[in-house]
Amino acid sequence: MTETTGRRERKKAATRQKIADTALCLFLERGYDAVGIRDVAAEADVAVTTVFAHFASKEALVFERDQDFEQRLTRAVTDRPPHEPLIPALRHTVQALVRHCTAEGSAPLRRMIEGSPALREYEESMSLRHAQALAAALAADPRLSRSATACRATARFTIDAYALACRADDPGATVDEVFRMIEAAWEATAP
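Note that the structure is a prediction, hence the values are computed from the model and not measured. (Residues numbered from 1 in each chain as written. Predicted model: local features only at pLDDT ≥ 70, side-chain atom pairs only at ≥ 80, totals over all residues. Heavy atoms only, no water.)

Turning next to the state of the cysteines. Inspection of every chain in the model, using the stated rule, returns one disulfide. Here Cys101 pairs with Cys166 through a disulfide, and the sulfurs are 1.9 Å apart. Taking the sign of the torsion about the S-S bond as the criterion, the disulfide between Cys101 and Cys166, at about -110°, is left-handed. Taken as a pair, Cys101 in helix α6 (residues 86–101) and Cys166 in helix α9 (residues 148–167) lie far apart in primary sequence, 65 residues in all. Each member of the pair, Cys101 as well as Cys166, carries the same accessibility label: buried. In this structure Cys25 is not part of a disulfide, and its nearest cysteine sulfur, from Cys101, lies 19 Å away. Judged by relative accessible area, Cys25 falls into the exposed class, the value being 53%. (Disulfide = S-S within 2.5 Å. Helix = DSSP H or I, 4+ residues; strand = E, 2+ residues; numbered from the N terminus. Buried < 20%, exposed > 50% of the residue type's maximum accessible area, 1.4 Å probe, protein only.)

Right, let's get into the side chain of Thr22. Positionally, Thr22 belongs in helix α1 (residues 2–30). A polar contact is formed between the side chain of Thr22 and the backbone oxygen of Lys18, at a distance of 2.7 Å. Contacts of Thr22, omitting those with residues within four sequence positions, involve Val40, Glu43 and Ala44. (Polar contact = N/O pair within 3.5 Å; in protein donor to acceptor, adjacent residues only side chain to side chain. Contact = heavy atoms within 4.5 Å.)

Quick look at helix α2 (residues 37–44) now. Within α2 the residues assigned to the buried category are Ile37, Val40, Ala41 and Ala44. Considered in projection along α2, the buried side chains sweep an arc of 95° and stay on one side of the axis. Looking at α2, the residues exposed on the side facing more than 90 degrees away from the buried face are Arg38 and Ala42. Looking one or two residues beyond α2, the residue adopting positive phi is Asp45, at roughly 60°. (Arc of directions from axis to C-beta.)

Helix length check: helix α10 (residues 171–188) (18 residues) gives 26 Å between terminal C-alpha atoms against 26 Å at 1.5 Å per residue, within 8%. Taken residue by residue, α10 has Pro171, Thr174, Val175, Val178, Phe179, Ile182 and Trp186 as its buried positions. Each buried residue of α10 lies within a common arc of 115° when the element is viewed along its axis, so the set occupies one face. Away from the buried face of α10 by more than 90 degrees, exposed residues Arg180, Met181, Ala184, Glu187 and Ala188 are located. Looking at the packing, one finds that the buried side of α10 touches α6 and α9. (Expected span 1.5 Å × (residues − 1).)

The analysis is restricted to geometry; functional conclusions fall outside its scope.
Shown next, in the form of structure tokens:
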């Protein structure tokens, strides 16, 4: 029985990935606004309802790793060893995420997002949600003992560090610079 569940989950994940990959290819080839959900479904050889079973909106197709991004950030807080300081753990996670967003071949996707008001708006709402989730993880960690304001500000600056680095000429230097400021602010809020 467990094997069947595993197989079902793998099949769902493969279908989701196929839809996302198909959508991205179509968006980059034809332009985001020129492609509809029906086009994506037809090209991926699935029903429109299947697309919506995996993605809540057309914009979500572009940001298909949204949940993974948020989980990686919150796990940087919750899964770090007891002796590991918070800010270096967050910096390390953001650096890894930035490497992904600045990898070779990512520029066309970034241009598409920047060129679409709907995608920019969706990305901003995602960023706010990620900051809220990260702030909640920070506030819930009894080892940190910071105010809710300090947790919210640190979370927002962490998300902003990622966004700034993804658009910077020198992403690594940008992450380092912003995290120096984050670390100084975090230390200043120590009880």
